[in-house]
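Coordinates in review
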Amino acid sequence: MGFNKRYLNESTLRQVFKARGAEGVIIYVTKADAVMCDDEFASNVVDLVESNNKEDLNNFFNNEQS
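Residues numbered from 1 in each chain as written. Predicted model: local features only at pLDDT ≥ 70, side-chain atom pairs only at ≥ 80, totals over all residues. Heavy atoms only, no water.

1. A closer look at the pattern of salt bridges
One side chain can pair with another of opposite charge once the charged atoms of both are near each other. Let me state the cut-off plainly: A pair is scored as a salt bridge if a Lys or Arg side-chain nitrogen falls within 4 Å of a carboxyl oxygen belonging to Asp or Glu. Only runs of H or I of at least four residues qualify as helices and only runs of E of at least two qualify as strands under DSSP, and these elements are numbered from the N terminus. Accessible area is worked out with a 1.4 Å probe on protein chains only. A residue is then buried under 20% of its type maximum, exposed over 50%, and partly exposed in between.
Applying the stated criterion across every chain yields a total of two salt bridges. One salt bridge connects Arg14 with Glu10, and the closest N-O pair in it is separated by 3.0 Å. Of this pair, Arg14 and Glu10 both sit in helix 1 (residues 10-30), separated by four residues, roughly a single helical turn. Arg14 gets classed as buried once you look at its relative accessible area, which sits at 18%.

2. A short note on the pairing of strand 1 (residues 5-8)
The condition that has to hold: Any two strands between which DSSP finds at least two bridges are classified as paired. By the criterion used throughout, a crossover qualifies as right-handed when its path from the first strand across the helix to the second strand runs clockwise, the strands pointing away from the viewer.
Judged from the four bridges that link them, strand 1 and strand 2 (residues 34-37) form a sheet pairing that is parallel. Directly across from Tyr7, in strand 2, lies its bridge partner Met36. This β-α-β element, strand 1 to helix 1 to strand 2, shows right-handed connectivity.

3. Re the packing of aromatic side chains
In plain terms, the rule: Put simply, two rings from Phe, Tyr or Trp (the six-membered ring, in Trp's case) pair if the centres are within 6.5 Å, and we call them stacked under 30 degrees between planes, edge-to-face over 60, tilted for the rest.
Applying the stated criterion to the full structure yields four aromatic pairs. The interplanar angle of 35° and the centroid separation of 5.0 Å between the aromatic rings of Phe41 and Phe60 together place this pair among those described as tilted. Placement of Phe41 in helix 2 (residues 40-51) and of Phe60 in helix 3 (residues 54-63) is noted, with a sequence separation of 19 residues between them. Residue class for Phe41 comes out buried when judged on its relative accessible area of 7%. Exposure remark for Phe60: the relative accessible area of 15% places this residue in the buried category. Ring centres of Phe41 and Phe61 lie 5.5 Å apart, and the angle between their planes is 80°; on these two criteria the pair is classed as edge-to-face.

Printed below as a string of structure tokens:
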């Protein structure tokens, strides 16, 4: 049995959101045994995923367009 870890950053999370939406981001973050956030954006996304509110997660991605 392995230990799955994910290094999260804004670019990767935006790609996942674009391809799979909020549900995809939730799955991507929660399937790992550990996550390491490379930036503040990723940290905010993990906080939203932990709150389990898809609407807030959608709003965060849509309001933080770069």
